[in-house]
Amino acid sequence: ALLHFPCLDKNGRQIATAITNLDIHDIARVCLTYGIEKFYIVHPYESQRDLAGKIIDHWVKGFGGEYNPLRKEAFQVIRLAENLEEVKRENKAFTIATSASYRKDALGWDKVKDLAGKKDIMLIFGTGWGLSPNIIEEADGVLEPIQAGVTYNHLPVRSAMAIAIDRILGR
């Protein structure tokens, strides 16, 4: 799930972020590549969900799907939701929040890979400067951050999702 609210801005204030075309395209393709059946884009504003819906319709029902059938196939995994509670009701999965900050209670990559082999899991990614703390606290677990061995740690969400999905579902 790609959550656009509640997320944080660079000053730590709770905000809603905008849905981006690149995130929709790139994340859907990663999901389909790894056999993920549902990719949720979660946004509280109807206008943002409508925008995403128009983009999705172009690739699934419109000319885009005729022009690029592979993109059409990838876009069929996308679901739009108003809030995370709606997604949780539809999917009784073990929820794992993500964060670029280290936590003592974080689940390691091997543990999450093992869990994914035994039950349905839902990774929750935040946009902006990350998930609001209440989302992290309400999750069943928190994934350890992606570490590359340097102090800078602010990946684009679509890159973080690709890395995380590969570490959990890759060979």
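## Quick look at helix H1 (residues 21–33)
Logical step 1: For H1, spanning 13 residues, the distance from its first C-alpha to its last is 19 Å, which sits close to the expected 18 Å at 1.5 Å a residue.
Logical step 2: Along H1, the positions that sit buried rather than exposed are Asp 23, Ile 24, His 25, Ile 27, Ala 28, Val 30 and Cys 31.
Logical step 3: Packed against the buried residues of H1 are strand E1 (2–8), strand E3 (39–42), helix H2 (46–60), helix H4 (69–75), strand E4 (78–81) and helix H8 (157–169).
Logical step 4: Just past H1, the residue Gly 35 takes up positive phi, approximately 75°.

## Here we look at the nonpolar core
Logical step 1: Of all hydrophobic cores here, the largest spans 32 residues; its most connected members are Ile 24, Phe 39, Phe 75, Ile 78 and Phe 125.
Logical step 2: Contributions of two or more residues to this core are made by H1, E3, H2, H4, helix H6 (109–118), strand E6 (121–128) and H8.
Logical step 3: Core analysis: the second largest hydrophobic core is formed by 16 residues, Ala 1, Val 42, Met 122 and Ile 124 among them.

## With respect to unusual backbone geometry
Logical step 1: Along the chain, Phe 5 connects to Pro 6 via a cis peptide bond; the corresponding omega equals -5°.
Logical step 2: Mapping Pro 6 onto the fold places it in strand E1.

## Remarks on H2
Logical step 1: Its 15 residues give H2 an end-to-end C-alpha distance of 20 Å, which sits within 8% of 21 Å, the value for a rise of 1.5 Å per residue.
Logical step 2: Of the positions making up H2, those classed as buried are Gln 48, Arg 49, Ala 52, Gly 53, Ile 55, Ile 56 and Trp 59. What you see down the axis of H2 is that its buried residues fit within an arc of 165°, all on one side. Pointing more than 90 degrees away from the buried face of H2 are the exposed residues Glu 46, Ser 47 and Lys 54.

Parameters at a glance
Residues numbered from 1 in each chain as written. Predicted model: local features only at pLDDT ≥ 70, side-chain atom pairs only at ≥ 80, totals over all residues. Heavy atoms only, no water. Helix = DSSP H or I, 4+ residues; strand = E, 2+ residues; numbered from the N terminus. Expected span 1.5 Å × (residues − 1). Buried < 20%, exposed > 50% of the residue type's maximum accessible area, 1.4 Å probe, protein only. Contact = heavy atoms within 4.5 Å. Core = buried A, V, L, I, M, F, W, Y, C linked by side-chain atoms within 4.5 Å. Arc of directions from axis to C-beta.

The values reported here are purely geometric and, on their own, carry no functional implication.
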